[in-house]
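# A closer look at the structure
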Amino acid sequence: MTTTASPAESTGAQGAPGTTAQRMSPGGNPMGFGRMLRKEDARFLRGQGHYLDDITMPGMLHAAILRSPFAHARIRSIDTSEAEAHPNVRAVITGATLEGLKLAWMPTLSMDVQAVLATDKVRFQGQEVAFVVADDKYAARDALELIDVDYEELPPVVDARRALDPDAPVIRDDIEGKTDNHIFDWEAGDSVLTDQVFAAADVVVTQDLLYPRVHPAPMETCGSIASMDKVTGKLTVYSTTQAPHAHRTVYALVAGIPEHKIQIISPDIGGGFGGKVGIYPGYVLAVVGSIVTGKPVKWVEDRSENLMSTAFARDYHMKGEIAATRDGKITGLRVDVLADHGAFNGTAQPTKFPAGFFHIFTGSYDLQAAHCKVTGVYTNKAPGGVAYACSFRVTEAVYLVERMVDLLAGELGMDPAELRMKNLIRPEQFPYTTKTGWEYDSGDYPRALQKAMEIAGYDELRREQAEKRERGEYMGIGLSFFTEGVGAGPRKHMDILGLGMADGCELRVHPTGKAQLRLSVQTQGQGHETTFAQIVAHEVGIPPEDIEVIHGDTDNTPFGLGTYGSRSTPVSGAAAAVVSRRVRDKARLIAAAALECSPDDLEWEQGRWQVKGDPEKGKTIAEIAMLSHGNLELPEGVEGHLDASVVYDPPNLTYPFGAYICVVDVDPGTGQVKVRRFIALDDCGPRINPMIVEGQVHGGLADGVGMALMQAIAFDPDGNNLGGSFMDYLLPTALECPSWETGETVTPSPHHPLGVKGVGESATVGSPPAVVNAVMDALAPFGVKHADMPLTPAQVWRAIQGRPMRTDLAVT
Amino acid sequence: MQVTITVNGQAVTREIEPRQLLVHFVRDDLGLTGTHWGCDTTQCGTCVLWLDGVPVKSCTVLTAMADGHEVRTVEDLEQDGRLDPVQQGFMNEHGLQCGFCTPGMMMTARWLLDHNPDPDESTIREAISGQLCRCTGYENIVRAVRWAARHEAEAREPEPAAAAGVAGVPAQSAPTGAGEAEGATA
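Throughout this document, residue positions are counted from 1 along each chain, in the order its sequence is written. Each chain takes a letter, starting from A, and each ligand takes a number, starting from 1, following the order in which they are written. Local features are withheld for residues below a pLDDT of 70 in this predicted model, meaning they are given only at 70 or higher, and side-chain atom pairs are given and counted only at 80 or more; totals for whole chains, interfaces and linings count all residues.

## A few points about the overall build of chain A
- Regarding its fold elements, chain A presents 19 helices and 34 strands.
- Radius of gyration here is computed from C-alpha atoms only, and the compact-globule reference equals 2.2 Å multiplied by the residue count raised to the power 0.38. Against the compact-globule benchmark of 28 Å for 812 residues, chain A has a radius of gyration of 27 Å, which places it among compact chains.
- With the principal axes as the frame, chain A shows a C-alpha extent of 85 × 75 × 50 Å.
- Counting over 812 residues, chain A shows a buried share of 62%.
- Throughout, a residue-residue contact means that the two C-beta atoms, derived from backbone geometry, are no farther apart than 7 Å. Sequence-distant contacts in chain A: of pairs separated by 6 or more residues, those separated by 24 or more amount to 78%. Numbering goes from the N terminus for both helices and strands, where a helix is a DSSP run of H or I of at least four residues and a strand is a run of E of at least two. Counts of 20 or more other C-beta atoms within 10 Å of a residue's own C-beta define buried residues, counts of 12 or fewer define exposed ones, and intermediate counts define partly exposed ones; C-beta atoms are placed from the backbone.

Given below as structure tokens:
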């Protein structure tokens, strides 16, 4: 029951899905879009995946990192003599060693620097202090105990809200002339107009909101194996990276190794979620270790190292204000953000946008004015900030606006669904330019919300809630409506470290008609080997089982910036479609030569160029492939073989959206929240593989429940990380997750060759406010308006008592 | 010290460090890298394998403790070139994404079905609640285990078991077209 225009109608794509009956390949797979079991599963199911720690190299040594126990301390001295005397230790490297190599500091993805190994001070608990290379991993860990570091403790900056106090300790005294902990101020929108709109508003609601620090915590931690061949000068690095090409360039810039001598191989990755985008000191140290020892060196962090030192996410302290008329027309939105970036500014986002895409915070609503201001500060915490499926901080933006809308609904006494419906951007307003400059490509928001409410049985839920309240039972219903901007992005606006965010793609059709597709993006579980084969099958009619997708090896794939920010399908998916169409166009010329007709006389039908009006005469893509490699006389200007390459520069972001509804039951005696139902309606355009899309949504919903109810990394007054293991940093299990209910509408992107929009992070972005709104709805009878995530039993109980706590600091 | 452990039906004898963890023995000494490790503190369950027929988290078992005992790992699920129904279920219901937790999940699922051939959703959730998955939100893992249960039941009773109508499990194993774009699945 598709009710929207098919991509064929809206984008001019040929043979688009939904227009004809599904064609199946000889292997039983869809020749294009549709449910297809994953090609990559064959190895994973047999325990034959090839993850970083599964890889060994001849003569490989093992490394471990000594980390700081203090959040802020000066290093007086480091004595490594005992460790060096250990019989199985091959090298001990300290900051002093690196200073000699000019490698003690490395650039971050935000134009700051980060210590590879601390030289002067340690600036967060868990910071890298020394690196041991040994014959085996047990010996490497043993030797860490033999290193004696003399620290002089310094007062730490733990509370981000005190980081700019005049008497706050200066964390980054390594930066010449630095006298405070300020990183940047950034703003978007029209502050004057916004002030005017607020001054004229009937109703203004203000609320402080914290999106606490969380960690993506993929099941596989980060690691690297570096092997420097001293004879050839070639550096081979196996690494848990979502962005192998970008890493190659950074290694070249950091270590001065010529880029053509560096090969980065990203093997199977056990989840990334943004945590494997940046370059960590351990990666650089493995390279140094290999250079020093002349052997391959493997470094793999343990779980505590992962949680304490690699990229955290969020940590946004927001003061939100929303303005509206008395009858519920939202007129303005204003937010002031304090962004805790930790000890080094290592956020990973397009250079122009130090707050990522946070300024998409007007969300899905049509309003008159908006303004945001973001101030970034240093604290004595791990660096990071843009990670964990956040679509470059759209997560924080959606949380802000969706909580503010609910608070406004409470103030106006309106149903939150009715308030949203009244203010959603209307379908006829697309393309819609927001008050902070985004051009939303397409959408039908009211229909999505309406449909989600139908799936949920919204009115019935409200009736049930009313009955339960009379019985003293606390049920809550929470909504969120999100719009994401993904698929970064247009080169003229978006780069990371000067590298434009375009992606290359190559398609080679072999003489027998089998094909290889080479991608710059890197799967971490998203199923690229299947989805991208389906794209090629859809465009050139080669069965997906005959298409090998090659990725994760910089020597064998074209350059591109990698997989994060839900960009693989919007950018590389478009590249795969365009490169396939180039091959198809070339095949037409070759077929015409073989059939001795004009290319204009040919039409494309089901993987075959055939003569219009005489379909018996035609050539399949496999026949054309053989002809292209044979001795057929080719038309002038047509080269042999059937290959093509492309670099795709997206004209705009794509804007997936969705309407989510969460139903919770809260036990006021214990503060326990039970998520009873979760309805997720997503519109990511046409779904290449609906099975994979739904799987992406499911995973993000679990993240949302986790962040809303369980996950946070807090710090005690001394700067001790209180979320340094899975005993302390709680992730949702199968018991906390309900059986997800999903739905969809389909609104193609008008500028993407396939109309698709990307979906990898939608649910992580969209679901936390739905859960929080549901809990706040449940607690409304107690007069509770807001409590910060995570809504643990303790937090909910305290909220009921009227004293919710700050969740970024230790409870005192 | 020397240990002799029967791993996937074959007795192996090795010299080991007394402090060595079983997960490291299986992975590093035997090269059976299908068993993963993820947390070192017995929370995540990527290291689950069977010790004497019972799923254990091998990151908190010393190799020495397995001396004289039987270990079964994910590599043993496939028999004679045929995937175990649990493996088939995980594939058919998209019960895995990055694949890192999958071996541990499947070893628990296999054990569950051996002891309860028809577990309901809450039983499955309880059974895997000591294991973490960051990709799937667990929904399709539950469906995968139900798929395996259903197909094993069909294999036992050749009558058309479709009528058995396994509650809560949508019949999604057949390919579906993209034309059904709009709609809800519970």
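## Digging into the domain arrangement of chain B
All names here are of chain B.
- The domain boundaries here were taken from an automatic or database domain assignment. The domains assigned to chain B are domain 1 (2–76) and domain 2 (85–156).
- For domain 1 versus domain 2, the separation of C-alpha centres amounts to 22 Å.
- Listed by partner, the interface residues are 13 residues for domain 1 and eleven residues for domain 2.
- Three residue categories are used. Nonpolar comprises Ala, Val, Leu, Ile, Met, Phe, Trp, Tyr, Cys and Pro, charged comprises Asp, Glu, Lys and Arg, and polar comprises the others, including Gly. Counted by class, the side of domain 1 that touches domain 2 contains seven nonpolar, six polar and no charged residues.

## Here we look at the interface of chain B and chain A
- In this assembly, 53 residues from chain B lie in contact with 61 residues from chain A.
- Put simply, the parts of the chain that give the side of chain B that touches chain A at least two residues each are α2 (85–92), α3 (102–115), α4 (121–127), α5 (139–156) and β6 (183–185) of chain B.
- Here the residues of the side of chain B that touches chain A are counted per class, giving 21 nonpolar, 22 polar and ten charged.

## So, helix α10 (residues 394–412) of chain A
Residue and element names in this part refer to chain A.
- The end-to-end C-alpha distance of α10, which contains 19 residues, comes to 27 Å, matching closely the 27 Å that a straight helix rising 1.5 Å per residue would cover.
- Counting buried positions along α10 yields 16 of 19 residues, so the element is predominantly enclosed.
- Immediately beyond the C-terminal end of α10, within one or two residues, lies G413, with a positive phi of roughly 70°. Multiply 1.5 Å by the residue count of a helix minus one, and that product is the helix's expected span.

## Considering the domain arrangement of chain A
Residues and elements named next belong to chain A.
- Split by domain assignment, chain A resolves into domain 1 (52–154 + 222–300), domain 2 (312–488 + 652–800) and domain 3 (502–648).
- Domain 1 and domain 2 are separated by 37 Å when their C-alpha centres are compared.
- Taken together, the contact pairs 16 residues of domain 1 with 22 residues of domain 2.
- Here the side of domain 1 that touches domain 2 is built from residues that sort into five nonpolar, nine polar and two charged.

## Quick notes on the environment of L653 of chain A
Residues and elements named next belong to chain A.
- Tracing the backbone through its elements, the reader meets L653 in the loop between β31 (642–648) and β32 (657–667).
- On the basis of neighbour count, L653 is assigned to the buried category, with 32 C-beta atoms found within 10 Å.
- A C-alpha to C-alpha distance of 9.5 Å links L653 and S749, two positions 96 residues apart in sequence.
- If near-sequence neighbours (up to four positions away) are discounted, L653 is found in contact with G485, V486, G487, A488 and G489.

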